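# Working through the structure, step by step
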Amino acid sequence: QVQLVESGGGLVQAGGSLRLSCAASGLRFSLYTMGWFRQAPGKEREFVATITWNNNGENYADSVKGRFTISRDNAKNTVYLQMNNLKPEDTAVYYCAARIYYSGSSSRASDFPFWGQGTQVTVSS
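These remarks concern the structure in this document. (Residues numbered from 1 in each chain as written. Predicted model: local features only at pLDDT ≥ 70, side-chain atom pairs only at ≥ 80, totals over all residues. Heavy atoms only, no water.)

Below, the discussion takes up the sheet that holds strand E8 (residues 78–83). Taken in spatial order, the four strands line up as E1-E3-E8-E7 in an open sheet, and their pairing is antiparallel. Lying at the two open borders of the sheet, with one neighbouring strand each, are strand E1 (3–7) and strand E7 (68–73). The average angle at which neighbouring strand axes cross in this sheet is 15 degrees, direction not considered. The pairing of E7 with E8 spans six bridges and is classified as antiparallel. (Pairing = 2+ DSSP bridges. Helix = DSSP H or I, 4+ residues; strand = E, 2+ residues; numbered from the N terminus. Axes fitted to C-alpha atoms, helices over the stretch in contact; angles between N-to-C directions.)

Structure follows, in structure tokens:
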């Protein structure tokens, strides 16, 4: 059974930083492209970042480029999202997701079959 468990969310002031973690189990982590998505109240779930299974490619939404960094540690079955210079508009529930590597890259939430339960990030102004 695949499990993705996010942690690291919280309340932070604008301009601050948070580091999210997502621990994976029940899958061969090193063969999965990992992604972070977010969903704000009343809005659709949106793409934030992805990282390839072999750690040689990252993709970011324009809204977070230069501020967020995705990384992974295959030895620990964990993917991270370092978020710097946070803005109130970054407030959302953040989800990690997994997609088998041979399915190719994607920024569409519907292309990711495995999801965590989410962690709340709130940025105050």
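In this structure, Asn55 is a non-glycine residue whose phi angle is positive, near 70 degrees. Checked against the element boundaries, Asn55 lands in the loop between strand E5 (46–51) and strand E6 (58–60). The phi torsion at Asn85 lies on the positive side, around 50 degrees, for a residue other than glycine. Within the secondary structure layout, Asn85 lies in the loop between E8 and strand E9 (92–100).

We now examine the environment of Thr52. Position of Thr52 among the secondary structure elements: in the loop between E5 and E6. On a C-alpha basis, the gap between Thr52 and Ser125 in space is 34 Å, while along the polypeptide they are 73 residues apart. Contacts of Thr52, omitting those with residues within four sequence positions, involve Thr33, Gly57 and Arg72. At 3.0 Å, the side chain of Thr52 and the side chain of Asn54 are in polar contact. (Contact = heavy atoms within 4.5 Å. Polar contact = N/O pair within 3.5 Å; in protein donor to acceptor, adjacent residues only side chain to side chain.)

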